Amino acid sequence: MIKYRILPKKNPQDLAAPEKFYATAIADGEVDFEFLAEQIAYETTLTETDCIAVLLSLERNIIRQLEQGKIVRVGRLGSFNVTLKSAGKDTLEEVTATDIVKGRVRFRPGKKLSKMTNELRYRKVN
């Protein structure tokens, strides 16, 4: 069950416009590497230490491959890739690496994760 709150938000393109109200998801705690490793160890024949080592190695390898400009597909979980935000220029020739404002990592969920979002239930909290 996903908890949500209703919050007012201004239109960033028209600050004079009246606020509108939007449902906003509220996190209900968090889990970390150690918790995931413990859960995976419980469900498999691996030890918790083995699971932590695998998760840390996965993280390092995803970072390394993204730095090389590759799309990283993590099985059915989904894929990661780098996207860029850059300044706009009038001509193709004017665009250089110095126009790149920042990079971001984008995650595209696999089918099961995408399907899960369609089946979520919600509960309003104050």
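Please refer to the structure placed before this passage.
Summarised in this report is the structure supplied together with it. (Residues numbered from 1 in each chain as written. Predicted model: local features only at pLDDT ≥ 70, side-chain atom pairs only at ≥ 80, totals over all residues. Heavy atoms only, no water.)

**Quick word on the nonpolar core**
Okay, step 1: Core analysis: the largest hydrophobic core is formed by five residues, namely I62, L66, V72, V74 and F80.
Okay, step 2: Where this core is concerned, the elements lending two or more residues are α2 (48–67) and β3 (72–74).
Okay, step 3: Apart from the residues lying within four places of it in its own chain, the contact partners of F80 are I62, L66, K70, I71, V72, V74, V105, R106 and F107. (Core = buried A, V, L, I, M, F, W, Y, C linked by side-chain atoms within 4.5 Å. Buried < 20%, exposed > 50% of the residue type's maximum accessible area, 1.4 Å probe, protein only. Helix = DSSP H or I, 4+ residues; strand = E, 2+ residues; numbered from the N terminus. Contact = heavy atoms within 4.5 Å.)

**Here's the deal with a nonpolar patch on the surface**
Okay, step 1: Judged by side-chain polarity, V31, F35, L36, I40 and L46 come together as a nonpolar surface patch covering roughly 400 Å² of accessible area.
Okay, step 2: Looking at the secondary structure, you find I40 in helix α1 (residues 33–43). (Patch = residues over 30% accessible without salt bridge, like charges linked within 9 Å, V, L, I, M, F, W, Y side chains within 5 Å. Areas by Shrake-Rupley, 256 points an atom, 1.4 Å probe, with all protein chains shown as cover. Salt bridge = Lys/Arg side-chain N within 4 Å of Asp/Glu carboxyl O.)

**Quick word on the side chain of D99**
Okay, step 1: Mapped onto the elements, D99 comes out in the loop between β4 (78–86) and β5 (100–109).
Okay, step 2: We classify D99 as buried; its relative accessible area is 9%.
Okay, step 3: Within the structure, the side chain of D99 is placed 3.4 Å from the side chain of K89, a separation counted as a polar contact.
Okay, step 4: For D99, the contacting residues outside a window of four places in its chain are K85, S86, A87, K89 and E94. (Polar contact = N/O pair within 3.5 Å; in protein donor to acceptor, adjacent residues only side chain to side chain.)

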